Amino acid sequence: MTHPYTDPATDRTPRTVLIYTSPALGHLYPMMDVALGLRAAGHRVVVQTLAEPRAVVEAAGVEHRPIADAIESIAMHDYRHASPIAQVRAGFDAWAGRAPHEVEDLRTARHEVDPDLLLVDANTWGAAAYAESSGLPWAAFLPYPLPTSDRNVPAF
């Protein structure tokens, strides 16, 4: 039987999974269930996220790597803006400002961790760009509900 995480291109089961999150606890904690499930399935799991929750991540039996200080220092200030358009622009500014640092951060992690699979937060644009260029199997995750088209749902 094929393992559910087998890469069809190589017929190889990943042994090490690197989960790369945006610098927000609300992006880490939804992925901890995934990390714990992968660990329970016998994989080595490394979560690269904020520095502060190291003890919580490690207490759960998962390896922790802090994201680069340069990424963590670019705070999200969308909540300071009154209009939804200004809030979206502020978010884009933060994501775009973090992107170059994420490329280097994930490149370094790849060489130090040697993952078989990357799981990358959709809000880490630079990390996603690096993951796509890395040649490794990878997937993006959204740690929040997917956007829905419905006449009762606002545009954003």
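Our structure is the block above this text.
Residues numbered from 1 in each chain as written. Predicted model: local features only at pLDDT ≥ 70, side-chain atom pairs only at ≥ 80, totals over all residues. Heavy atoms only, no water.

Asker: What is the right way to look at a nonpolar patch on the surface in this model?
Answerer: Residues Leu 25, Tyr 29 and Val 56 make up a contiguous nonpolar surface patch of about 250 Å² in total accessible area. Within the secondary structure, Val 56 is located in helix α2 (residues 54–59). A residue is classified by how much of its surface remains accessible, and Val 56, at 45% relative accessible area, is partly exposed. (Patch = residues over 30% accessible without salt bridge, like charges linked within 9 Å, V, L, I, M, F, W, Y side chains within 5 Å. Areas by Shrake-Rupley, 256 points an atom, 1.4 Å probe, with all protein chains shown as cover. Salt bridge = Lys/Arg side-chain N within 4 Å of Asp/Glu carboxyl O. Helix = DSSP H or I, 4+ residues; strand = E, 2+ residues; numbered from the N terminus. Buried < 20%, exposed > 50% of the residue type's maximum accessible area, 1.4 Å probe, protein only.)

Asker: It is not clear to me how helix α1 (residues 25–40) should be interpreted in this structure. Could you clarify?
Answerer: The first and last C-alpha atoms of α1 sit 22 Å apart over 16 residues, in line with the 22 Å expected at 1.5 Å per residue. Buried residues of α1: His 27, Leu 28, Met 31, Met 32, Ala 35 and Leu 38, and no others. Taken together, the buried residues of α1 touch β1 (16–20), β2 (44–49), α2, β4 (117–121) and β5 (138–141). The first or second residue beyond α1 is Gly 42, which carries a positive phi of 100°. (Expected span 1.5 Å × (residues − 1). Contact = heavy atoms within 4.5 Å.)

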